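Summary of the model geometry
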Amino acid sequence: MKKLKYILILFSIINYAQGVKTFFESPEGKHFISADLHIHTVFSDGSVWPTIRVDEALKDSIDMISLTEHLEYQSHLRDIPHPDRNRSFQIAGGYVKNQPLAVVHGTEITKGMPPGHFNAIFINDANKFFDNEKKPLDFNKAIKEANKQGAFVFWNHPHWESQRRDGIARLDPVHNEIINKNYLHGIEVVNMSTFSEEALQIALENDLTIMGTSDVHVLIDWDFNNEKESYHRPLTFIISENRTLKSTSDALFNGDTFIWFHDLIIGKEENLKMVAHENFSIKSHGYDFKDYNSKQILKLELINSSVVPLKLRYTGEYNFHTEFNFFEIKPRSKIEVYLKTIKILDNLELPFEILNYVIAPKTNLSITKNISIK
Ligand SMILES: [Zn+2]
Ligand SMILES: [Zn+2]
């Protein structure tokens, strides 16, 4: 047992490799780890083998996944009986070797509402969630066991219409209890095709980590990555110091995440400020250019370095020469705009709202860009 623990600790401080694609530019000393931490396979009620989940994640260039099989629900049990509940993780973990993907051990504690469904990730033994008679532990015992194993625990789809008919995420006393005991660490604000502003509010008020997951059961390309709609699976980006499991798990416990869902970026203000700072830049071309017959109009380049469009509303006092105050910059592209500053300036502050960056219910991120004019 001691030896196993030693191996686990050693493994957790080894760097895992980076996926081939960079979704967002990150600041020096920070890594944005792309993660989908809620996935199913045939080992619960999904319809694919664990190795397919690994291949899908590699294809999507994701850094980290967790196969979170239901403890209480296995629809393929007759054909795939597996008393060892770690098998899904073991198969995926064995298959992924030397590939740029980390597979972390997880499970889904699946109860009627309230409580609801809860993922425990970074566990070391899913079999311990059963009693001597092989029955799943009741909710309180299961949450306790997850915490005993050092797991990061998050509430899945608190707004799921099967468990909350009005689609509103809200806390029952039992949820407040596990929050107060520090047994619950995160909450899904995005699950599959749904986004809950109420869950976002709960996350902000209770200092829970903001999570977005695919909760995929079928092939990923059937639910997402649909070319016609240009969707992709929801991802949680974990703002980690380095690419070790230890640092990534610390960042999760710390609440250092943001979500990419459709064209939205959702997260705490401080985290989205960091994303905006690194991925939205403005370059000045000065007043001396040939596009217009004037040396008093300023030419600017607005650059989007991320894979997500930037939907900007300029909120300052100046007017543009060719545009209104709304701009959309496509992924990894730039646009040129002309600003009427009236006086010739050496530097300038431009305030924007980023309409698709969400920091709270009904609230966009506001930022100010400082530009020195050449
Ligand atoms: Zn669930
Ligand atoms: Zn699930």
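Keep in mind the model is a prediction, meaning the values are calculated, not measured. Residue indices begin from 1 for each chain and proceed along its sequence in written order. Labels follow written order: the first chain is A, the first ligand is 1, and so on. Residues qualify for local features only when their pLDDT is at least 70, as the model is predicted, and side-chain atom pairs are given and counted only at 80 or more; totals for whole chains, interfaces and linings, by contrast, use all residues. Just so you know, side-chain values use all the structure's heavy atoms and leave hydrogens and water out.

Regarding the coordination of the zinc ion (ligand 1)
Protein-derived ligands of the zinc ion (ligand 1) are E108 (OE), H117 (ND1) and H157 (NE2), with the metal-ligand distances lying across 2.1 to 2.2 Å. Coordination here is defined by N, O and S atoms within 2.8 Å of the metal (3.2 Å for Na, K and Ca), and since water is not considered, a site can look incomplete. Each donor residue of the zinc ion (ligand 1) lies on one chain, and together they are spaced E-x8-H-x39-H.

Brief notes about the environment of E241
Segments assigned H or I by DSSP are reported as helices when at least four residues long, segments assigned E as strands when at least two residues long, and all are numbered from the N terminus. Following the sequence through the fold, E241 ends up in the loop between β9 (235–240) and α8 (245–254). Considered as a pair, E241 and P83 are 158 residues apart in the sequence and their alpha carbons are 38 Å apart. Any pair of residues with heavy atoms lying within 4.5 Å of one another is described as a contacting pair. Among all residues touching E241, those that are not within four sequence positions of it are G29, K30, H31 and S247. Among the polar contacts made by the side chain of E241, one reaches the side chain of K30 at a distance of 2.9 Å. We define a polar contact as two N or O atoms separated by no more than 3.5 Å, with the added condition that, inside protein, one atom must be a possible hydrogen donor and the other a possible acceptor, whereas residues neighbouring each other in sequence contribute only through side-chain atom pairs.

Focus on the pattern of salt bridges
A pairing counts as a salt bridge when a side-chain nitrogen of Lys or Arg comes within 4 Å of a carboxyl oxygen of Asp or Glu. Scanning the model with the defined rule gives 22 salt bridges in all. The residue E241 makes a salt bridge to K30 at a minimum N-O spacing of 2.9 Å. Of this pair, E241 sits in the loop between β9 and α8 while K30 is found in the loop between α1 (2–12) and β1 (31–39), placing the two residues 211 residues apart along the sequence. K30 sits in the partly exposed class, given a relative accessible area of 26%. The partner of R233 in a salt bridge is D60, with the nearest N and O atoms 3.1 Å apart. Taken together, the positions of R233 in the loop between α7 (220–223) and β9 and D60 in the loop between α2 (50–59) and β2 (64–70) put the pair 173 residues apart, joining distant regions of the chain. The buried category is assigned to R233, whose relative accessible area is 3%. When salt bridges with common partners are traced through the structure, they connect D36, D60 and R233 into a single cluster. Buried means the residue's accessible area, taken with a 1.4 Å probe over protein chains only, is under 20% of the maximum for its type, while exposed means over 50%, and partly exposed covers the values in between.

Let's talk about the domain arrangement of the protein
Either an automatic procedure or a domain database provided the assignment from which the domain bounds are taken. For the protein, the assigned domains read domain 1 (14–262) and domain 2 (279–372). A C-alpha centroid distance of 37 Å is found between domain 1 and domain 2. Contacts between the two partners involve 11 residues from domain 1 and, on the opposite side, 11 residues from domain 2. The buried area of a pairing is the accessible area, by a 1.4 Å probe, that goes missing from both parts when the two are put together, added over both. With both chains or domains summed, domain 1 and domain 2 bury close to 920 Å², and 59% of this area falls on carbon and sulfur atoms.

Some points on the sheet that holds strand β12 (residues 280–286)
Across a sheet, paired strands are connected by hydrogen bonds in the backbone, their directions being either parallel or antiparallel. Here we have four strands laid out as an open sheet, ordered β12-β13-β17-β15, and antiparallel in their pairing. Each edge of the sheet is formed by a strand with only one pairing partner; in this case those strands are β12 and β15 (319–320). When DSSP locates at least two bridges between a pair of strands, those strands are taken to pair. Where β12 meets strand β13 (residues 297–304), six bridges bridge the pair, whose relative direction is antiparallel. Counterpart to S281 in the pairing with β13 is I303. This element, helix α9 (residues 269–279), spans β12 and β13 of the sheet and lies at about 35° to β12. To define axes, lines are fitted to C-alpha atoms, for helices over the stretch in contact only, and angles between the resulting N-to-C directions are given on a 0 to 180 degree scale.

Examining the coordination of the zinc ion (ligand 2)
Only H38 (NE2), H40 (NE2), E108 (OE) and D215 (OD) from the protein coordinate the zinc ion (ligand 2), and they sit 2.1 to 2.5 Å from it. Each donor residue of the zinc ion (ligand 2) belongs to the same chain, and together they define the spacing H-x1-H-x67-E-x106-D. In this structure, the zinc ion (ligand 2) lies 3.4 Å away from the zinc ion (ligand 1), the two metals sharing E108 as a donor. You can see H38 sitting in strand β1 and its partner E108 sitting in strand β3 (residues 102–110), a full 70 residues away along the chain. Taken individually, H38 and E108 each receive the classification buried, so the pair is uniform in this respect.

Notes on the pairing of strand β16 (residues 326–329)
Burial of β16 is one-sided: the residues F327 and I329 facing one way are buried, the residues F326 and E328 facing the other way are not. Bridge count for strand β14 (residues 310–314) against β16 is four bridges, and the pairing is antiparallel. The residue of β16 that forms the bridge with L312 is F327.

Here we look at unusual backbone geometry
That bond from M113 to P114 is cis: its omega, -20°, falls within 30 degrees of zero. Structurally, the position occupied by P114 is in the loop between β3 and β4 (117–121). For the bond from P114 to P115, the omega torsion is 10°, close enough to zero to count as cis. One can find P115 in the loop between β3 and β4.

Quick look at the side chain of D215
Along the chain, the position of D215 falls in the loop between β8 (209–213) and α7. Of the side chains bearing the opposite charge, R53 lies closest to the buried D215, which forms no salt bridge; the N-O distance is 8.6 Å. Side chain to side chain, D215 and H40 meet in a polar contact 3.1 Å long. Counted as positive: Lys and Arg. Counted as negative: Asp and Glu, with His and the chain ends omitted from the count.

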